[in-house]
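Each chain is listed here by its residues.
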Amino acid sequence: MSDQNRLGVFKTYKLYVGGKFPRSESGRVYEVTDSKGQWLANAPKSSRKDARDAVVAARKAFGGWSGATAYNRGQVLYRVAEMLEGRKEQFVREVAASEGLSKSKAAAAVDAAIDRWVWYAGWTDKIGQIAGGANPVAGPYLNLSTPEPTGVVAVLAPQKSSFLGLVSVVAPVIATGNTAVVIASADAPLPALSLGEVLATSDVPGGVVNILTGVTAEIAAPLAAHQDVNAIDLTGAEAELAKELEIAAADNLKRVRRPQPVDTDGASDSENWLASPGTDRLTAFLETKTVWHPTGALGAAGSSY
């Protein structure tokens, strides 16, 4: 049968929550268009209930993910990069359509995103070496400081960089043992929803990453106020919204990563996503646990270890 006689199969994009692909609890969708205003797909419009469900899934997955060895987490993240490499052409098409880029520029962004994922996969069992250590103490004891994941992190993905920026904010959160509830770019959500399909078919346990789409402010507000969310990354929030969310996050002393200063057109994601990321995002959602150990002389007889 020739292509002219085929009936095109339109893709139904769904949320990614708890390792499954539910429709929005509200049943709502919204139109996603390209840079020229042409229709691309319908994306689910998440509700407050969807946000709460995502937090429940992330909390359920936290124990197993944070308890896995750092080396194992690195293997799992590398597997995701392998899967992304195999579906590169799909992501190039979606990024090009979503961001209005040429095919070559979209391909460069996708290549950089896959490389970024590999980069963070390599850091999983190394970040403890630079974020922790043995501390000198003046006394018959020593203490060791080790980094531990914060918990459930709400992540507002960049609005403009639909895939490279998304990977740059999600990968470091889960690389360090946290679980994530991600709010994708409102105008360009398709690469994020396709990333959910990759995560579902890789070794990432369900609930480690949960992806929501819709109106950023509508979804972010309940996450910022949620008592079981431990931290929030405001990268994709505009200045006014970021201030409101930061105030809400203070209620249970969430860790907050503030967005970069806005650029000339008012967009909050003015970071250069192609630049080397450093370790800032890896350490942003880590806690430091310090354990004290006695040493030296013990007891009246002067016995020692």
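Residue numbers restart at each chain and count upward from 1, following the sequence in its written direction. With the structure being a predicted model, the display of local features is reserved for residues of pLDDT at least 70 and the display and counting of side-chain atom pairs for 80 or more, all residues being used for whole-chain, interface and lining totals. Note that water and hydrogens are dropped before the side-chain values are worked out from all heavy atoms of the structure.

Numbered from the N terminus, helices here are DSSP runs of H or I no shorter than four residues, and strands are runs of E no shorter than two. Mapped onto the secondary structure, Ala70 falls in helix 2 (residues 70-86). Judged by its relative accessible area of 23%, Ala70 falls in the partly exposed class. Taking the C-alpha atoms as reference points, Ala70 and Ala121, separated by 51 residues in sequence, lie 9.5 Å from one another. Contacts are residue-level and defined by heavy atoms, with any inter-residue pair within 4.5 Å sufficient. Those residues in contact with Ala70 that sit more than four places away from it in its chain are Thr124 and Asp125. Three exposure classes are used, based on accessible area relative to the maximum for each residue type with a 1.4 Å probe and protein chains only: buried under 20%, partly exposed in between, and exposed over 50%.

It is worth spelling out unusual backbone geometry at this point. A positive phi angle, near 60°, is found at Leu253, a position not held by glycine. Residue placement: Leu253 occurs in the loop between helix 9 (239-249) and strand 9 (255-257).

Here the focus is the nonpolar core. Judged by nonpolar contacts, the single largest core of 59 residues is most densely connected at Trp117, Val182, Leu199 and Ile211. Of all the elements, helix 6 (residues 164-175) adds the most residues to this core, at nine residues. Dropping the residues within four chain positions of it, Leu199 is found in contact with Tyr16, Val80, Trp117, Val204, Val209 and Ile211. Throughout this description, the term nonpolar core refers to a set of buried Ala, Val, Leu, Ile, Met, Phe, Trp, Tyr and Cys residues connected via side-chain atoms within 4.5 Å. Membership of the second largest hydrophobic core comes to 25 residues, among which are Val17, Leu234, Leu241 and Ala249.

Moving on to the environment of Ala184. Tracing the backbone shows Ala184 in the loop between strand 6 (179-183) and helix 7 (190-200). For the pair formed by Ala184 and Leu166, sequence separation is 18 residues and the distance between their alpha carbons is 7.6 Å. Ignoring anything within four residues of it in the chain, the contact list for Ala184 reads Ala157, Pro189, Ala192, Ile211, Leu212, Thr213 and Thr216.

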